[in-house]
Amino acid sequence: MEAALEAAADFFKLPAGEKAKFMSNDVFKPVRYGSSIKDGEDKVQFWRVFLKHYANPLAHWIHSWPQNPPHYRERVGEYSKEVKRVALEIAESITESLGLDPTLCQLAHRLDGGMQTMAVNCYPPCPSPELALGLPPHSDYSCITVVLQSTPGLEIFDPRDGTWKTAPDTRGALQVHIGDHVEVLSNGTYKSVVHRAALNSRKTRISIASLHSLGMDEKMGVAKELVGGDEGKERYRESSFRDFLDSLSKNDIGTQGYKSFIDTLRIEK
């Protein structure tokens, strides 16, 4: 975990020209570098640079990752393998908690052959952190997201009292988010976690989010065991990872009028 954070930090310290090799606004690119640092355009500023790349199957994608720093592929690759193992164990527990037959649901099996996206984020010191966010409020399209952070900054929205709470600074711990597709699978029993990234004026914060979802075109729908009879009706439409990317390309997070992906899936009563 520490080695992965160090490798990520070293990538963002590279010369601008080296990082620009991966610069793209195309959300379908399997490896892309970008920035959401804006100044003077909105009431709330966004302050982040990022590197995103696919990681499953690792042998297929790792050769497209940055070659510099030289240890990046080895360290982040090893972390991606281990964090995937954690995500699959969590998926098995979710299936059990919902009372679903694992031979029918096969959530862990589907994730094992599905998409894993590593979102490596750098939040530089911000001169006015009270006027900016690293990332605006959102939920993840994934089934499960596992977050590793160098310092506190992840904030979770608590719908019980309408407040934002900072995730505790527990060194060596991983933060696990339920994503939109588990909310869909569970027909709303689980709720995707709305979160944002806060900033500080003193130090750079690094985070690595590992997002685990089904295959690019594989649809996630409500588990059939959770609808019909006393269970009620389906509350969500089915969708795929590609559907999310299509939505993101037309409806970028943080823009005026942004509508979250999960909101587009809810079936009106």
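Conventions used here
Residues numbered from 1 in each chain as written. Predicted model: local features only at pLDDT ≥ 70, side-chain atom pairs only at ≥ 80, totals over all residues. Heavy atoms only, no water. UniProt positions renumbered as here; feature names shortened; annotations may be inferred. Pairing = 2+ DSSP bridges. Helix = DSSP H or I, 4+ residues; strand = E, 2+ residues; numbered from the N terminus. Axes fitted to C-alpha atoms, helices over the stretch in contact; angles between N-to-C directions. Salt bridge = Lys/Arg side-chain N within 4 Å of Asp/Glu carboxyl O. Core = buried A, V, L, I, M, F, W, Y, C linked by side-chain atoms within 4.5 Å. Buried < 20%, exposed > 50% of the residue type's maximum accessible area, 1.4 Å probe, protein only. Contact = heavy atoms within 4.5 Å.

As recorded by an unreviewed UniProt entry, the chain carries the name Fe2OG dioxygenase domain-containing protein and is attributed to Linum tenue. Of the chain, the UniProt comment under Sequence similarities (unreviewed entry) reads exactly: "Belongs to the iron/ascorbate-dependent oxidoreductase family."

Peer 1: How do you make sense of the sheet that holds strand 9 (residues 163–166) when you look at a structure like this?
Peer 2: Strand pairing in a sheet takes place through backbone hydrogen bonds and is either antiparallel or parallel in direction. Pairing is antiparallel in the open sheet, where four strands are placed in the order 6-11-8-9. Unpaired on one side and paired on the other, strand 6 (135–138) and strand 9 mark the two borders of the sheet. Each strand axis lies, on average, 25° off the axis of its neighbour in the sheet, ignoring direction. Looking at chain direction, strand 8 (residues 154–158) and strand 9 are connected through four bridges and run antiparallel. Along strand 9, the bridge assignment pairs Ile156 with Lys165.

Peer 1: Please clarify how the pattern of salt bridges should be interpreted in this entry.
Peer 2: Pairs can form between side chains of opposite charge whenever their charged atoms are close. If you walk through the whole model with that rule in mind, you get 17 salt bridges. With a shortest N-O distance of 3.1 Å, Glu18 and Lys21 are connected by a salt bridge.

Peer 1: Would you mind going over the nonpolar core with me for this structure?
Peer 2: Note on soluble globular proteins: their nonpolar side chains tend to be buried together. Counting 68 residues, the largest nonpolar core has Phe12, Leu51, Trp65 and Leu107 as the members making the most contacts within it. Judged by nonpolar contacts, the second largest core, of seven residues, contains Trp47, Tyr123, Cys126 and Leu135.

Peer 1: Please clarify how the sheet that holds strand 7 (residues 144–149) should be interpreted in this entry.
Peer 2: If you walk across this open sheet you meet the six strands as 1-3-4-12-7-10, and the pairing is antiparallel. Sheet topology places strand 1 (31–35) and strand 10 (175–178) at the edges, where each strand pairs with a single neighbour. Across the sheet, the mean angle from the axis of one strand to that of its neighbour is 15°, orientation sign disregarded. Summarising the sheet, strand 7 and strand 12 (residues 205–213) pair through six bridges and their orientation is antiparallel. Note on strand 12: the bridge partner recorded for Val147 is Ala209. In the packing of helix 1 (residues 2–12) onto the sheet, contacts are made with strand 1, strand 3 (49–54), strand 4 (115–123), strand 7 and strand 12, and the angle to strand 12 comes to roughly 110°. Packed onto the sheet, helix 4 (residues 72–97) meets strand 3, strand 4, strand 7, strand 10 and strand 12 and runs at close to 135° relative to strand 7.

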